[in-house]
Amino acid sequence: MSVTTLLRVFTVTLKKAGLNCNLEFETGDDDCKISGWLMPVDVVLLLWMCWGMSWCCRSREFSKEKGSLCLPDVKHIVLSAVESCGEGDSGLNVWECEVSGLEVRLPVGKFVSWVMKTVPSLPGCFTEFVYAVLKHSASEEARPECSTSSAADSSSTGACSSDLLSPGIAWAISLTLTGPLSVEISRACFPTDANAINNDLLFTGRLQIIRISMLPRSTACSDSATSEDGSANKRNWIIGALTHQGFENRDLFYGSSGSLYALSPVFHMYPPTGKERNYVYSHLHPTGKVYEAKPKPVGIGFGGSIGNERIYVDEDFSKVTIHHHAADKTYQSGSLFPDQGFLPVEALITEVEIWGLGGRGAKEVQDSYKNREQLFTEQRRKVDLKTFANWEDSPEKMMMDMISNPNVIRREDR
């Protein structure tokens with residue numbers, strides 16, 4: 001499915017809804033030229049349309065009952081498109097802007113390039129919806145209708161999830177991936193998949209996602225100024241790292257692949273470059289050693305090199321250090337938060353989430369380890385009652401005999 005086809009469907013939808021559309025198609029082919037532009041509000045409607053199609057597919061698959069459509073917060077994705085496609089220097093303040101009030105034109109050519117680079121799986125939402133409808137029709141079942149709740153009834157995104165991995169953020173991450181990884185992460189997007197998430201996702205598996213909400217210090221970020229009433233302007237930003245294996249206690253970098261994410265307030269994805277393989281670094285205090293000539297840093301890092309990691313989280317998860325992308329050849333270049341400069345930035349961590357995604361296979365392996373540990377614990381708790389009940393062999397009898405007559409020479413019977 002091409003982006004052109006998706007935009008054509010979106011244009012028809014807008015016209016049927018009586019809304020204006022600034023896109024024009026020269027011919028009826030899929031490879032036709034598109035002219036015009038999109039406004040940020042149009043991008044919001046496009047994302048919500050794709051979300052609704054994906055939600056409809058999963059509601060057919062997991063639930064036979066009708067449910068209300070809960071629209072996610074897609075502001076971080078829209079701001080990413082505005083930053084990448086906006087014409088000229090708009091002076092956008094990503095911390096305080098409202099998408100509905102943005103008057104920035106996004107040329108359709110730049111927008112298509114942004115979709116292919118940032119959210120390449122977005123056109124697949126329409127393909128998935130068509131396949132789901134055809135499959136449902138072929139099964140001769142009653143076709144459930146998608147919820148037609150208005151945006152006013154379902155625009156409250158805060159009720160969908162209170163976690164850092166909100167439906168909007170999880171959906172944005174899934175749009176950057178393809179294959180089973182995209183399917184597994186997308187299950188965390190939709191409220192109808194709550195049971196599936198508990199059964200399949202909430203355990204340590206081969207895929208780790210970390211989201212960190214950080215509060216920059218006023219000395220590290222010039223934008224963290226003090227307001228007129230004397231209170232500090234707290235600007236939280238969320239970053240993430242996706243790896244294809246769990247954490248291990250090692251002295252060097254390891255891993256097979258991964259990606260870095262700027263999740264909020266602006267969404268960006270930084271895949272691996274292929275030049276280096278410094279995907280993950282995780283090290284704990286050494287056991288059984290007293291002195292190290294060159295001790296390794298204790299914490300978790302992503303990209304860069306030891307001592308100069310692109311992202312470094314200290315051992316107690318209280319502080320994070322962000323280095324400029326020039327020191328990192330593992331992941332693609334780009335800012336992890338707005339207005340990131342060349343100097344390292346230290347920030348205070350306010351919240352951390354670690355999700356493990358591995359499917360039912362990893363869940364079965366984890367259950368086997370838990371059952372084994374429980375069996376060992378029960379065996380250690382068992383007591384040999386026959387030996388314990390024998391007074392002649394008990395240490396209490398030996399102590400009583402020694403106290404009663406300590407001068408008597410006794411020989412232990414073996």
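Counting restarts for each chain, with residues numbered from 1 along the sequence as it is written. Only residues with pLDDT of 70 or above have their local features reported here, since the model is predicted, and side-chain atom pairs are shown and tallied only from 80 upward, although totals for entire chains, interfaces and linings are computed over all residues. The side-chain values count all of the structure's non-hydrogen atoms but skip hydrogen atoms and water molecules.

### Thoughts on the overall build of the chain
Point 1. Helix and strand assignments follow DSSP, with helices taken as H or I runs no shorter than four residues and strands as E runs no shorter than two, numbered in order from the N terminus. Per the secondary structure count, the chain includes 12 helices and 12 strands.
Point 2. In what follows, residue pairs with any heavy atoms lying within 4.5 Å of each other are defined as contacts. Put simply, 64% of the contacts in the chain that link residues at least 6 apart link residues at least 24 apart.
Point 3. As displayed, the chain has an accessible area near 23500 Å², and 52% of this comes from carbon and sulfur atoms. Here the Shrake-Rupley method, with its probe set to 1.4 Å, supplies the accessible areas, and only the displayed protein chains count as covering residues.

### A word on helix α4 (residues 108-118)
Point 1. Among all positions of α4, only V108, F111, W114, V115 and T118 are buried. Considered in projection along α4, the buried side chains sweep an arc of 115° and stay on one side of the axis. For every residue, the accessible area (1.4 Å probe, protein chains only) is compared with the maximum for its type, and the residue is labelled buried under 20%, exposed over 50%, or partly exposed between those bounds. This arc describes the spread of directions from the helix axis toward the C-beta atoms.

### Things to note about helix α1 (residues 3-16)
Point 1. For α1, spanning 14 residues, the distance from its first C-alpha to its last is 20 Å, which sits close to the expected 20 Å at 1.5 Å a residue.
Point 2. Considered for burial, the residues of α1 that qualify are V3, T4, T5, L6, L7, F10, T11 and L14.
Point 3. Downstream of α1 by one or two residues, G18 has phi in the positive range, about 80°. Expected helix span is taken as 1.5 Å per residue step, with the number of steps being one fewer than the number of residues.

### Observations regarding the environment of R105
Point 1. With respect to the helices, strands and loops of the structure, R105 is situated in the loop between α3 (75-85) and β3 (106-107).
Point 2. Along the sequence, R105 and C85 sit 20 residues apart, while their C-alpha atoms lie 8.2 Å from each other.
Point 3. Filtering out sequence-adjacent residues up to four positions away, R105 remains in contact with W37, L38, M39, C85, G86 and E87.

### Brief notes about the pattern of salt bridges
Point 1. The term salt bridge refers to a side-chain nitrogen of Lys or Arg lying within 4 Å of a carboxyl oxygen of Asp or Glu. Applying the stated criterion across every chain yields a total of three salt bridges.
Point 2. Among the ionic pairs, E248 bridges to R250, the shortest N-O distance being 2.7 Å.
Point 3. In this structure E248 comes out as partly exposed when scored by relative accessible area, which is 32%.

### Considerations on the side chain of T321
Point 1. If you trace the backbone, T321 turns up in strand β11 (residues 319-322).
Point 2. For T321, the contacting residues outside a window of four places in its chain are R310, I311, Y312, P344, V345 and E346.

### Overview of the state of the cysteines
Point 1. A pair of sulfur atoms, both from cysteines and within 2.5 Å, is called a disulfide here. Counted by the stated rule, this structure contains zero disulfides.
Point 2. This cysteine, C125, is not joined by any disulfide, and C50 carries the nearest cysteine sulfur, 4.9 Å off.

### A look at the packing of α3 against α4
Point 1. Remark: α3 packs on α4, axes separated minimally by 10 Å, with the N-to-C direction vectors making an angle of 125°. Classed by the angle they form, the pair α3 and α4 counts as oblique. Seen from above, α3 lies across α4 with right-handed handedness. Facing α3, whose interface residues are I77, S80, A81, S84 and C85, α4 presents K110, F111, W114 and T118. Axis lines are fitted through C-alpha atoms, for helices just across the contact stretch, and the angle between N-to-C directions can take any value from 0 to 180 degrees. An angle below 35 degrees is read as roughly parallel, one above 145 as roughly antiparallel, one from 65 to 115 as roughly perpendicular, and any other as oblique. By definition, any crossing whose near helix is turned counterclockwise from its far helix by less than a right angle is left-handed, and any crossing with a clockwise turn is right-handed.

### Focus on the pairing of strand β9 (residues 299-305)
Point 1. With six of its seven residues buried, β9 lies for the most part within the structure.
Point 2. What makes two strands pair is DSSP finding at least two bridges between them. Two strands pair when backbone bridges link them, and strand β8 (residues 281-283) and β9 are joined in this way by three bridges, in the antiparallel orientation. Residue S282 lies in a different strand from β9, and its bridge partner there is I300.
Point 3. Direction of pairing for β9 relative to strand β10 (residues 308-314): antiparallel, over a ladder of six bridges. If you follow G299 over to β10, its bridge partner there is D314.

### With respect to a nonpolar patch on the surface
Point 1. Like-charged residues within 9 Å of one another, or nonpolar side chains (Val, Leu, Ile, Met, Phe, Trp, Tyr) within 5 Å, are grouped into patches, provided each residue has over 30% relative accessible area and no salt bridge. A cluster of nonpolar residues, F247, F317 and I354, forms a patch on the protein surface that exposes about 240 Å² of accessible area.
Point 2. Mapping F317 onto the fold places it in the loop between β10 and β11.
Point 3. A relative accessible area of 33% means that F317 is categorised as partly exposed.

### Brief notes about the sheet that holds strand β1 (residues 23-25)
Point 1. Pairing is antiparallel in the open sheet, where three strands are placed in the order β1-β2-β3. Pairing within the sheet leaves two strands with one partner each, and these edge strands are β1 and β3.
Point 2. Bridge count for strand β2 (residues 34-38) against β3 is two bridges, and the pairing is antiparallel. Bridge pairing in β3 places W37 opposite P107.
Point 3. On the sheet, α1 packs against β1 and β2 and is oriented at approximately 115° with respect to β1.

### Description of unusual backbone geometry
When glycine is set aside, most residues are seen to have a negative phi, and most peptide bonds are trans.
Point 1. For the bond running from S264 to P265, omega is 10°, close enough to zero to count as cis.
Point 2. For P265, the location among the structural elements is in the loop between β6 (258-264) and β7 (268-270).
Point 3. Here the phi dihedral of F317 falls at roughly 55°; this positive angle occurs in a residue that is not glycine.
Point 4. Phi is positive for D339, which is not a glycine, with a value near 60°.
Point 5. Checked against the element boundaries, D339 lands in the loop between β11 and β12 (345-357).
Point 6. Its relative accessible area of 62% is what places D339 among the exposed residues.

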